[in-house]
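One letter stands for each residue in the lines below.
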Amino acid sequence: MNKIIALCKLVHIHALLWLIIALAVVTGHFIELSMLLLIIFVHEMGHAAAASFFSWRITRISLLPFGGVAEMEEHGNRPLKEEAVVVLAGPLQHIWLALLAFLFYKAAWLPEHWFWLFIDYNLMVVIFNLLPIWPLDGGKLVFLLLSLRDPFPLAHKRTLLASVIGIAIFTAIVLFTVPGNLNVWIVVGFLLFSLHGEWKQKQYVFMRFLLERHYGKNSEFRSLKPLKVNEEELIINVLERFQRGCKHPVIIEKNGKEQGLLDETELLHAYFSEKLLSARIGDLLYPY
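Calculation notes
Residues numbered from 1 in each chain as written. Predicted model: local features only at pLDDT ≥ 70, side-chain atom pairs only at ≥ 80, totals over all residues. Heavy atoms only, no water. Domains from an automatic or database assignment. Contact = heavy atoms within 4.5 Å. Buried area = accessible area lost by both parts, 1.4 Å probe. Salt bridge = Lys/Arg side-chain N within 4 Å of Asp/Glu carboxyl O. Pairing = 2+ DSSP bridges. Helix = DSSP H or I, 4+ residues; strand = E, 2+ residues; numbered from the N terminus. Axes fitted to C-alpha atoms, helices over the stretch in contact; angles between N-to-C directions. UniProt positions renumbered as here; feature names shortened; annotations may be inferred. Patch = residues over 30% accessible without salt bridge, like charges linked within 9 Å, V, L, I, M, F, W, Y side chains within 5 Å. Areas by Shrake-Rupley, 256 points an atom, 1.4 Å probe, with all protein chains shown as cover. Buried < 20%, exposed > 50% of the residue type's maximum accessible area, 1.4 Å probe, protein only. Core = buried A, V, L, I, M, F, W, Y, C linked by side-chain atoms within 4.5 Å.

All right, on to the domain arrangement of the chain then. In terms of domains, the chain is made up of domain 1 (1–128), domain 2 (131–216) and domain 3 (227–284). Each partner contributes residues to the interface: domain 2 has 16 residues there, and domain 3 has 16 residues. Carbon and sulfur atoms make up 62% of the surface buried where domain 2 meets domain 3, a total of about 1,300 Å² over both sides. Of all residues in domain 2, Leu210, Arg213 and His214 give up the largest surface area on contact with domain 3, accounting jointly for 43% of the area buried on that side. Between arginine 213 and glutamate 264 there is a salt bridge, with its nearest N and O atoms 2.8 Å apart.

What follows is the structure, given as structure tokens:
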């Protein structure tokens, strides 16, 4: 109960949403808006509850005019299975919401018109959130899947490129189905804005990922994945091969022969603490 109260205290309602609520009251659409907000709220609380269970750092649960977002201070160093649970915890809430609405309908507590409207809203929100577009839940699942095989920056970049394709397809569907729906175009604009911001910040996102590993905030690794590198490679180029959930012993080679072995923490220390931003990996085999 205390955790639920703590999560509710993190809920923030956007100022523009208050205006939309007021307009809904004036125009007689308050019940419809309330249904939609309830679905979005439960969805985001699902994410937050799962994150709280795993002791993630939750900063805010925002309800926006076009959706919601549970903001976390986690930067890619949690176990992939754990993060998958947090991502899927939102869409899973729609199952019991639909069942509860059905029970209310059968008990005659919910009129048929409102029941089917609630089901439509519930289905619309979950399908939309599962689109493979960043920062939707579907886009985050794509990132997790790519992270199983790709280094962090490559998986992140490919996720964003896949999201561009996803938005293009979604926009084409909107043009052919509901071209005059202003709400849908606002959502498309929001997705484009979010995707553009994430692309501009991709190097910063990568640095946050490395910093958490540097400060020992990464959790257990699922596997040991040695990296074979040439001694002439830059440290940053080797760091760009770091993968989520993997511990990386770094094997340094020269002319195909092994010259030495470094732990990944030594690379992170050299880059962030010693500020060897342009050093080569071979330099770490000798005192500096």
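Looking now at the sheet that holds strand 5 (residues 227–230). In spatial order, the strands read 5-7-8; together these three strands make up an open sheet with mixed pairing. Strands with a single pairing partner mark the edges of an open sheet, and in this sheet they are strand 5 and strand 8 (257–262). Adjacent strand axes in the sheet meet at a mean angle of 30 degrees, parallel and antiparallel pairs treated alike. For strand 7 (residues 250–254) and strand 8, the ladder comprises five bridges, and the chain directions are antiparallel. Each bridged residue has a counterpart across the sheet, and for glutamate 253 the counterpart in strand 8 is glutamate 258.

UniProt tags residues 34–105 and 112–170 as "domain: Peptidase M50" (unreviewed entry). Secondary structure over residues 34–105 splits into 64% helix and 18% strand, and the C-alpha atoms at its two ends are 17 Å apart. This span, residues 112–170, is 81% helix and 0% strand, and a straight line between its end C-alpha atoms measures 31 Å.

Together, Trp96, Leu100, Phe102, Leu103, Phe104 and Trp109 line one region of the surface with nonpolar side chains, adding up to about 640 Å² of accessible area. With respect to the secondary-structure elements, phenylalanine 104 resides in helix 4 (residues 80–106). Phenylalanine 104 sits in the partly exposed class, given a relative accessible area of 35%.

Quick look at the nonpolar core now. Counting 40 residues, the largest nonpolar core has Phe206, Leu210, Ile235, Leu239, Leu267 and Ile281 as the members making the most contacts within it. Taken together, the elements giving at least two residues each to this core come down to helix 6 (137–147), helix 7 (152–177), helix 8 (182–200), helix 9 (202–214), strand 5, helix 10 (235–239), strand 7 and helix 11 (264–273). Looking at this core, the element that brings in the most residues is helix 7, giving six residues. Two domains each donate at least three residues to this core, and these are domain 2 (131–216) and domain 3 (227–284). In contact with leucine 210, not counting residues within four places along its chain, are Leu239, Phe242, Leu268 and Phe272.

Take the sheet that holds strand 2 (residues 58–64) next. Spatially, 1-2-3 is the arrangement adopted by the three strands of the open sheet, whose pairing is mixed. Looking at strand neighbours, the two that pair on one side only are strand 1 (11–13) and strand 3 (67–72), the edges of this open sheet. Each adjacent strand pair in this sheet contributes to an overall mean axis angle of 20 degrees, direction not counted. Direction of pairing for strand 2 relative to strand 3: antiparallel, over a ladder of six bridges. Bridge assignment links isoleucine 61 to a residue of strand 3, and that residue is alanine 70.

For the rest of this paragraph, the subject is helix 6. Buried residues of helix 6: Asp137, Gly138, Gly139, Phe143, Leu144, Leu146 and Ser147, and no others. Tucked into the core, helix 6 has its buried residues touching helix 3 (30–53), helix 4, helix 5 (112–129) and helix 7.

What follows covers the UniProt feature "transmembrane region" (unreviewed entry) in the chain. On the UniProt side, "transmembrane region" (unreviewed entry) is annotated at positions that read residues 12–31, 84–105, 125–148, 160–176 and 182–199 here. In the segment residues 12–31, helix accounts for 75% and strand for 10%; the C-alpha atoms at its two ends are 21 Å apart. Counted over residues 182–199, helix gives 100% and strand 0%. Its end C-alpha atoms are 26 Å apart.

Time to look at the environment of leucine 19. Of note, leucine 19 is situated in helix 2 (residues 15–27). When its relative accessible area of 46% is taken as the criterion, leucine 19 is described as partly exposed. The spatial distance from the C-alpha of leucine 19 to the C-alpha of histidine 156 is 36 Å, given a sequence separation of 137 residues.

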